[in-house]
Structure formats: C-alpha cells, structure tokens
Amino acid sequence: RKAEGEMYDSWLLGLDTSGKMIWNKMLGNRFDDLVNKVSISAQNEIYVAGITDAIVDSVAGQAWLYKLDANGKNIFNQRIDMDEVVDFVVDPDNKILVAGYSKNTKDSTFTPGLVKLNANGKMLWSRAYSSKGKLYNLAGDTSGIAYAAAGNWIFAVNQAGYLKWDIL
C-alpha cells in the first residue's frame, strides 16, 4: 500500500549483481493488484503476471500480464480474458502461454484456461477446458508442447492449445 486506506499495488525492483537497487516501479491500477509470477527472458525482458482490479473481500479481478524491458520500461500491460493468471511460460520465440482460470458465478466452480499471446501481447488463441478447477502449474518443452496441472488433472497441449493427452 502506498498509504493507509489505499489498495495494494505491486512493486518491482531492478537490482544489480550486488543487490543495489537500480530502479523501482509500481505496477497496478485503481484497486488491488497482486503478482503471482515474475520471469525474465533470455533477452532480459521482464514478465509479471497475476490479478488486477480486485476489490478486497468483494468482486474478483481480472488476469493481467506486464512486459517490461531490462530497465523497467513498460513494453505492454495486457488484461487477459480470465479471472487470474496463475502461471505462464515464455517460448524461445517470445510467445507467451498463460495459465489461469475463470470463476463460474452460477455455481462457484472454476474453469481452467490457457491463453497464447504473441511477443507484443496480442492474443493468438484462448482455450477453456471442460474439466473443473484452477490451472496451477505450466511447463513447456523445446518442441512446443506445454504441460499443465489443474487439481487432479494433468495434461499436455500442442502449440495451438489442443489436448495431446490427459490423465485424471
């Protein structure tokens, strides 16, 4: 919080190899903004993802992903059509596979989903799966196959997000 009574924003620090701060940046919007993952690409681009515009003890927020350069300068700030980003992986070609979930308001269940973005944050595809739960972990391999875990369900998808195999 910047001040008492204000909502939470995310604070990102750039440190040199000795731990000295070289820059700092606040990430966030009007309401609470929480980070679930930070990753740095081979090109030293910084990816930060989580949930934005959440209101404490009330309305769920929306999934988001920031991409910054090595100096903390914003490349893009992208809202994603799901409730929260829980994990993501960046491919060698800088495409971003985002894992998360959407909450079904009618029955309070969760639908796992994947979204693929290009290097500029533009959505390439989105998949919601019929199994229930939240996607918790995501990993990719050099052939473009992604592996995901959602509760008691693990599965692999191809580069287009279609199931290759799954196990309950």
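Note that this is a predicted model, so its numbers are computed, not measured.

1. Let's talk about the overall build of the protein
Okay, so step 1: Along the protein, the regular secondary structure elements total 0 helices and 14 strands.
Okay, so step 2: The globule rule puts the C-alpha radius of gyration for 168 residues at 15 Å, and the 16 Å found for the protein is close to it.
Okay, so step 3: When its C-alpha atoms are laid out on the principal axes, the protein stretches across 45 × 40 × 25 Å.
Okay, so step 4: By residue count, 41% of the 168 residues in the protein fall in the buried class.
Okay, so step 5: Of the contacts made within the protein by residues no fewer than 6 positions apart, 28% connect residues no fewer than 24 positions apart.
Okay, so step 6: For the protein, the exposed surface amounts to about 9,400 Å²; the carbon and sulfur share of it is 50%.
Okay, so step 7: The protein carries 18 positive and 19 negative side-chain charges, and their two centres are separated by 5 Å.

2. Thoughts on the sheet that holds strand β14 (residues 163-167)
Okay, so step 1: If you trace the 4 strands from one edge of the open sheet to the other, you get β11-β12-β13-β14, paired in antiparallel fashion. Of all strands in the sheet, those bounded by a partner on one side alone are β11 (137-140) and β14. Direction aside, neighbouring strands of the sheet carry axes that sit 15 degrees apart on average.
Okay, so step 2: As paired elements, strand β13 (residues 153-157) and β14 share 4 bridges and run antiparallel to each other.

3. Digging into the packing of aromatic side chains
Okay, so step 1: Tallied over the entire structure, the rule returns 7 aromatic pairs.
Okay, so step 2: Geometrically, the ring pair formed by tyrosine 129 and tryptophan 153 is edge-to-face, given 5.9 Å between the ring centres and 65 degrees between the ring planes. Of this pair, tyrosine 129 sits in the loop between β10 (123-128) and β11 while tryptophan 153 sits in strand β13, and the two are 24 residues apart along the sequence. In this structure, tyrosine 129 and tryptophan 153 share a single accessibility class: buried.
Okay, so step 3: Taken together, the ring pairs in this structure connect Tyr129, Trp153 and Phe155 into an aromatic cluster.

4. Re the pairing of β11
Okay, so step 1: Looking at chain direction, β11 and strand β12 (residues 146-150) are connected through 4 bridges and run antiparallel. Within the sheet, the bridge partner assigned to asparagine 137 lies in β12 and is alanine 149.
Okay, so step 2: The turn linking β11 back onto β12 is made up of 5 residues, and glycine 144 within it adopts a positive phi angle of 95 degrees.

Parameters at a glance
Residues numbered from 1 in each chain as written. Predicted model: local features only at pLDDT ≥ 70, side-chain atom pairs only at ≥ 80, totals over all residues. Heavy atoms only, no water. Helix = DSSP H or I, 4+ residues; strand = E, 2+ residues; numbered from the N terminus. Rg over C-alpha atoms; globule rule 2.2 N^0.38 Å. Buried < 20%, exposed > 50% of the residue type's maximum accessible area, 1.4 Å probe, protein only. Contact = heavy atoms within 4.5 Å. Areas by Shrake-Rupley, 256 points an atom, 1.4 Å probe, with all protein chains shown as cover. Lys, Arg positive; Asp, Glu negative; His and termini not counted. Charge placed at Lys NZ, Arg CZ, Asp CG, Glu CD. Pairing = 2+ DSSP bridges. Axes fitted to C-alpha atoms, helices over the stretch in contact; angles between N-to-C directions. Phe/Tyr/Trp six-rings, centres within 6.5 Å; stacked < 30°, edge-to-face > 60°.

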